[in-house]
Amino acid sequence: MTDYQTRDRLAADLARPTTRRVLWPAAGGTAFILAADLATRAYNHYDAIPAVRRLVNVDVEANLATWWNSTLLLAVAGMALTAALLSGAGVRPGRLSWLGLATATALLSIDETVSLHERLGEVGRSWKEWAGGSLPTHAWVLPGAALAVAGTVCAVLWARKLPRDLRYGLLAALAVYLGGALLTEAFNGWALENGHSTVLMLGTLVEEGLEMSGCLVALAALGRYVMLERDPASGRAALRLRDG
């Protein structure tokens with residue numbers, strides 16, 4: 001094999017989607033967090049380990065599980081920001097569109113850390129008092145659902161100009177994420193209100209698992225669009241957007 005053939009083969013091997021380089025570590029970390037939660041939950045019935053349990057408990061804030069969920073969202077924001085930086089003039093979607101996606105996921109990451117959505121509880125309670133009815137779940141769910149619907153409409157309109165596989169991948173990621181962050185958490189609020197502790201425990205695992213899985217789906221889709229290549233002549237690695 002000649003030097004040129006060797007270089008061409010090396011370039012072909014490295015000019016692959018970044019999916020494996022990004023997705024597998026993210027999936028491995030997610031599996032570890034969920035497995036650690038289950039393991040410590042089971043062990044805690046035999047021998048209490050409050051410090052370790054709190055560290056990986058997906059049902060509490062300010063711990064390793066919360067940090068990991070926030071990190072996954074930041075990874076999606078980072079991929080979107082990379083796409084924005086690599087977008088040239090006349091490319092659709094444009095740079096502002098990618099910056100919008102990066103901003104949205106960064107805000108979700110902040111919310112995961114400081115629980116901004118729970119501040120919507122006051123709005124939900126005022127809506128409930130105005131309507132004179134009751135809401136058998138978390139008070140923030142109703143205004144949160146209104147925001148989710150508005151965000152979904154914007155996402156669908158934005159995604160129309162994306163390549164088909166990227167469009168379907170990101171919309172699927174949104175559906176999975178909202179399935180956990182809104183639908184499952186609304187169900188968990190009902191379980192909490194009615195004292196179904198076992199159902200609440202399982203529902204919390206499903207909720208966090210769906211949120212993390214939504215990030216993984218988004219990373220998989222974006223990882224097939226943002227390409228990592230290496231110049232066979234110089235040996236330097238470079239990022240570019242996939243054509244088409």
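The structure we're discussing is the one just above.
Below is a short write-up of the structure.

Cut-offs applied
Residues numbered from 1 in each chain as written. Predicted model: local features only at pLDDT ≥ 70, side-chain atom pairs only at ≥ 80, totals over all residues. Heavy atoms only, no water. Helix = DSSP H or I, 4+ residues; strand = E, 2+ residues; numbered from the N terminus. Buried < 20%, exposed > 50% of the residue type's maximum accessible area, 1.4 Å probe, protein only. Contact = heavy atoms within 4.5 Å. Salt bridge = Lys/Arg side-chain N within 4 Å of Asp/Glu carboxyl O. Phe/Tyr/Trp six-rings, centres within 6.5 Å; stacked < 30°, edge-to-face > 60°. Lys NZ or Arg CZ within 6 Å of the ring centre and 35° of its normal.

### So, the environment of Val56
And then number 1: Along the chain, Val56 turns up in helix H3 (residues 50-56).
And then number 2: For Val56, a relative accessible area of 5% gives the class buried.
And then number 3: The spacing of Val56 and Asp37 is 19 residues in sequence and 5.5 Å in space, taken between C-alpha atoms.
And then number 4: Apart from residues lying up to four places away in sequence, Val56 is in contact with Ile33, Ala36, Asp37, Thr40, Asn63, Leu64 and Ala65.

### A word on the pattern of salt bridges
And then number 1: For the structure shown, the criterion picks out 2 salt bridges.
And then number 2: Ionic pairing is found between Asp37 and Arg41, a salt bridge with its closest N-O pair at 3.0 Å. In this pair, Asp37 and Arg41 are both assigned in helix H2 (residues 19-43), 4 residues apart and thus about one turn of the helix distant.
And then number 3: Residue classification places Asp37 among the buried positions, given a relative accessible area of 0%.

### Observations concerning the packing of aromatic side chains
And then number 1: Taken as a whole and assessed by the stated rule, the structure comprises 4 aromatic pairs.
And then number 2: Against the face of Tyr168 rests Arg167, its NZ or CZ located 5.2 Å from the ring centre.

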